[in-house]
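Single-letter residue listing:
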Amino acid sequence: MARKRETSGKREMTGKQAAAEQAGFDRRWHLAETPAEVDMTELEFAVMRTFESFGRWQSECLAGCIDFAASGPENALLHVIRMNDRPKSVKELARLMNRDDIPNIQYSLRKLIAAGLVERSGTARTGVSYSVTPLGHEVTETFAEIRRALLIAAIESVPGFADRLADATRTLNLLTGIYEEVSRVAATHRRPRDGWAT
């Protein structure tokens with residue numbers, strides 16, 4: 001039998017949640033039983049949907065600059081390589097993007113190199129680094145122009161959105177730290193599979 005969770009810390013349902021339930025919506029499920037869990041799960045789903053939309057936007061915007069099929073993360077990698085116009089190692093790219101999937105990053109780097117957007121320099125002994133080529137510089141500049149014309153213009157048309165963006169950035173940065181910490185705790189204290197049941 002699965003271990004029962006403590007429920008004494010439940011907080012009162014918000015007016016918004018109560019109204020949603022009265023309208024026939026039930027946002028509760030196995031990950032979202034208490035109001036706090038419902039709020040957190042709704043945010044997590046919003047982040048997942050935003051990430052997917054962000055990836056589609058990046059791919060479509062890049063397609064407007066060059067005939068090259070790239071995923072959102074590959075496009076993001078290109079721009080992080082270009083950031084501050086200085087070469088970066090794989091380890092630095094992983095740290096800047098909060099990724100630990102080095103083989104996937106290396107695969108993306110090979111694609112970007114094959115497309116003529118990125119070049120590799122150095123050796124295993126001196127240190128390998130990556131930078132954008134003249135074509136990569138041109139493509140990222142064109143990407144920035146399209147981004148200003150479409151995305152930034154859309155954001156600027158929403159009153160007060162700049163303040164909301166700043167708040168969202170602070171919230172997401174805080175959540176990143178929380179997820180990192182609880183991931184560490186979960187990995188440190190992981191029990192055998194049958195240890196979760198009593």
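Everything below is about the structure shown above.
Caption draft 1: View of the side chain of glutamate 74. Structurally, glutamate 74 is set in helix 3 (residues 72-82). For glutamate 74, a relative accessible area of 7% corresponds to the buried category. A polar contact of 2.9 Å, which involves the side chain of glutamate 74, links it to the backbone nitrogen of serine 71. If near-sequence neighbours (up to four positions away) are discounted, glutamate 74 is found in contact with Ala69, Tyr107, Ser108, Lys111 and Leu112.

Caption draft 2: Region of the structure containing the environment of leucine 175. By the element assignment, leucine 175 lies in helix 7 (residues 161-188). A residue is classified by how much of its surface remains accessible, and leucine 175, at 13% relative accessible area, is buried. Excluding its chain neighbours within four sequence positions, the residues that come into contact with leucine 175 are Met40 and Leu43.

Caption draft 3: Local environment of helix 5 (residues 102-114). Taking 1.5 Å per residue as the helical rise, helix 5 with its 13 residues ought to reach 18 Å, and the 18 Å between its terminal C-alpha atoms agrees with that figure. Looking only at helix 5, the buried set comprises Ile105, Ser108, Leu109 and Leu112. The arc that holds every buried residue of helix 5, seen down its axis, measures 105°, which confines them to one face. Residues of helix 5 that are exposed and point more than 90 degrees away from the buried face comprise Pro103, Arg110 and Ala114. Close packing links the buried residues of helix 5 with helix 3, helix 4 (90-96), strand 1 (118-121) and strand 2 (129-132). Backbone geometry just after helix 5 places glycine 116 at a positive phi near 80°.

Caption draft 4: Fine view of helix 3. In terms of burial, helix 3 is largely enclosed, as nine of its 11 residues are buried. Taken residue by residue, helix 3 has Gly72, Glu74, Asn75, Ala76, Leu77, Leu78, Val80, Ile81 and Arg82 as its buried positions. Contacts made by the buried residues of helix 3 are with helix 2 (35-63), helix 4, helix 5, strand 1, strand 2 and helix 6 (134-156). Once helix 3 ends, the next one or two residues include asparagine 84, with phi positive near 60°.

Caption draft 5: Broad picture of the packing of aromatic side chains. Overall, the coordinates contain two aromatic pairs when judged by the stated rule. Measuring from ring centre to ring centre gives 5.9 Å for tryptophan 29 and phenylalanine 45, while their planes differ by 70°; the resulting arrangement is edge-to-face. Within this pair, whereas tryptophan 29 is found in the loop between helix 1 (15-22) and helix 2, its partner phenylalanine 45 is found in helix 2, the two being separated by 16 residues in sequence. Residue classification places tryptophan 29 among the partly exposed positions, given a relative accessible area of 34%. With 6.4 Å between their ring centres and 55° between their planes, tryptophan 57 and phenylalanine 143 make a pair best called tilted. In this pair, tryptophan 57 is assigned in helix 2 and phenylalanine 143 in helix 6, connecting sequence segments 86 residues apart. With relative accessibility at 6%, the residue phenylalanine 143 sits in the buried group.

Cut-off values and rules
- Residues numbered from 1 in each chain as written.
- Predicted model: local features only at pLDDT ≥ 70, side-chain atom pairs only at ≥ 80, totals over all residues.
- Heavy atoms only, no water.
- Helix = DSSP H or I, 4+ residues; strand = E, 2+ residues; numbered from the N terminus.
- Buried < 20%, exposed > 50% of the residue type's maximum accessible area, 1.4 Å probe, protein only.
- Polar contact = N/O pair within 3.5 Å; in protein donor to acceptor, adjacent residues only side chain to side chain.
- Contact = heavy atoms within 4.5 Å.
- Expected span 1.5 Å × (residues − 1).
- Arc of directions from axis to C-beta.
- Phe/Tyr/Trp six-rings, centres within 6.5 Å; stacked < 30°, edge-to-face > 60°.

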